[in-house]
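Tertiary structure, described
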Amino acid sequence: MRLYQHPMSANARAAVMTALLLDAPLELVFVDLQNQEQILPPFLKKNPNPRVPVLEDGDFYLWESRAIMQYLADKTPGQTLYPTEARARADVNRWLFWSSQHFSPAIGIFFWENCIKGMIGRGAPDPVELQRGDSSFKEFAGVLDAHLAGRRWISGSELTLADVSIAASYACAAPGRAPVAPFTNLQSWLGRVQALDVWRRTEVPRAA
């Protein structure tokens, strides 16, 4: 299998972390987003949405990071990241969909406005967008922070795909200057994910 990815993509990082946790046989293929490789015809044949990650498994191409994570887990016998019992799996799915629809987009506003735009010469942060992100982030960070009170992991008693996916997105919040300080349960939980070996193995090297 091949995973087309870029290390600065939170969604790609979540898929890579999942593969590492599952010890899945996966070749990583770098997609040069800065030079817009993702909009060229060879890539668009794999994913008509010009985004990473994309999983190639023989003649099967799968896009959407959370679908990739679920697929990798389902192909791994005995794994515990994605429960097989119906209610436990539904709970993991609930948090994956919640993050995709609500939490990750709010984080993405801050990361785009305060980090990515400057890196690619797209101008100064838009205060209207930052205000929109602030309202959304505080609402949904509050939901997850309250849920994590007294919990070690998001769903059940063990690490699951919910933790991996949401942590990859949430790690962009502080660099994007989102208001993370009040959410102490979230910060503690992120620290537990960051203590995992796969986190270190997927970090983007910092410039000296």
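Residues numbered from 1 in each chain as written. Predicted model: local features only at pLDDT ≥ 70, side-chain atom pairs only at ≥ 80, totals over all residues. Heavy atoms only, no water.

What the chain contains, in helices and strands, is 8 helices and 4 strands. The order of α-helices and β-strands along the chain, N terminus first, is β-α-β-α-β-β-α-α-α-α-α-α. A globule of 208 residues ought to have a C-alpha radius of gyration of about 17 Å, and the chain, at 17 Å, matches this closely. Here the C-alpha coordinates of the chain stretch approximately 45 × 45 × 35 Å along the principal axes. Going through the 208 residues of the chain one by one, you find that 46% of them count as buried. Partitioning the intrachain contacts of the chain with sequence separation of at least 6 by distance along the chain shows that 65% fall at a separation of at least 24. Accessible area of the chain: about 10900 Å², with a carbon and sulfur share of 53%. Distance between charge centroids for the chain: 2 Å, based on 21 positive and 21 negative side chains. (Helix = DSSP H or I, 4+ residues; strand = E, 2+ residues; numbered from the N terminus. Rg over C-alpha atoms; globule rule 2.2 N^0.38 Å. Buried < 20%, exposed > 50% of the residue type's maximum accessible area, 1.4 Å probe, protein only. Contact = heavy atoms within 4.5 Å. Areas by Shrake-Rupley, 256 points an atom, 1.4 Å probe, with all protein chains shown as cover. Lys, Arg positive; Asp, Glu negative; His and termini not counted. Charge placed at Lys NZ, Arg CZ, Asp CG, Glu CD.)

Moving on, we come to the packing of helix H4 (residues 86-119) against helix H6 (residues 161-170). It is at 9 Å that the axes of H4 and H6 come closest, and there the two elements cross at 5 degrees. With respect to H6, the axis of H4 lies roughly parallel. Where H4 abuts H6, its residues Val 92, Trp 95, Leu 96, Trp 98, Ser 99, Phe 103, Ser 104 and Ile 107 lie against Leu 161, Ala 162, Ser 165, Ile 166, Ser 169 and Tyr 170. Residue composition of the contact of H4 with H6, grouped by class: 10 nonpolar, 4 polar and no charged. (Axes fitted to C-alpha atoms, helices over the stretch in contact; angles between N-to-C directions. Parallel < 35°, antiparallel > 145°, perpendicular 65-115°, else oblique. Nonpolar A, V, L, I, M, F, W, Y, C, P; charged D, E, K, R; others polar.)

This paragraph deals with the pattern of salt bridges. Per the stated rule, a full pass over the model turns up 10 salt bridges. Of the charged contacts in the structure, one is a salt bridge between Arg 2 and Glu 27, with a shortest N-O distance of 3.1 Å. Taken as a pair, Arg 2 in strand E1 (residues 2-5) and Glu 27 in strand E2 (residues 27-30) lie far apart in primary sequence, 25 residues in all. Owing to a relative accessible area of 41%, Glu 27 belongs among the partly exposed residues under this scheme. By sharing partners, the salt bridges in this structure join Arg 2, Glu 27 and Glu 56 into a single network. (Salt bridge = Lys/Arg side-chain N within 4 Å of Asp/Glu carboxyl O.)

Across the sheet, 4 strands lie side by side as E2-E1-E3-E4; this open sheet has mixed pairing. Looking at strand neighbours, the two that pair on one side only are E2 and strand E4 (60-63), the edges of this open sheet. Averaged over all neighbouring strand pairs, the angle between strand axes comes to 20 degrees, with direction disregarded. Two elements, E1 and E2, share 4 bridges in a ladder whose sense is parallel. Counterpart to Gln 5 in the pairing with E2 is Phe 30. Across the sheet, helix H3 (residues 65-74) is in contact with E1, strand E3 (54-57) and E4; its angle to E4 comes to roughly 125 degrees. (Pairing = 2+ DSSP bridges.)

Further remarks concern the pairing of E3. If a strand is regular, its side chains alternate between the two faces of the sheet. Sheet analysis places E1 next to E3, joined by 3 bridges and oriented antiparallel. Along E3, the bridge assignment pairs Tyr 4 with Val 54. Counting the residues in the hairpin turn of E3 and E4 gives 2 residues, including Gly 58, whose phi is positive at 65 degrees.

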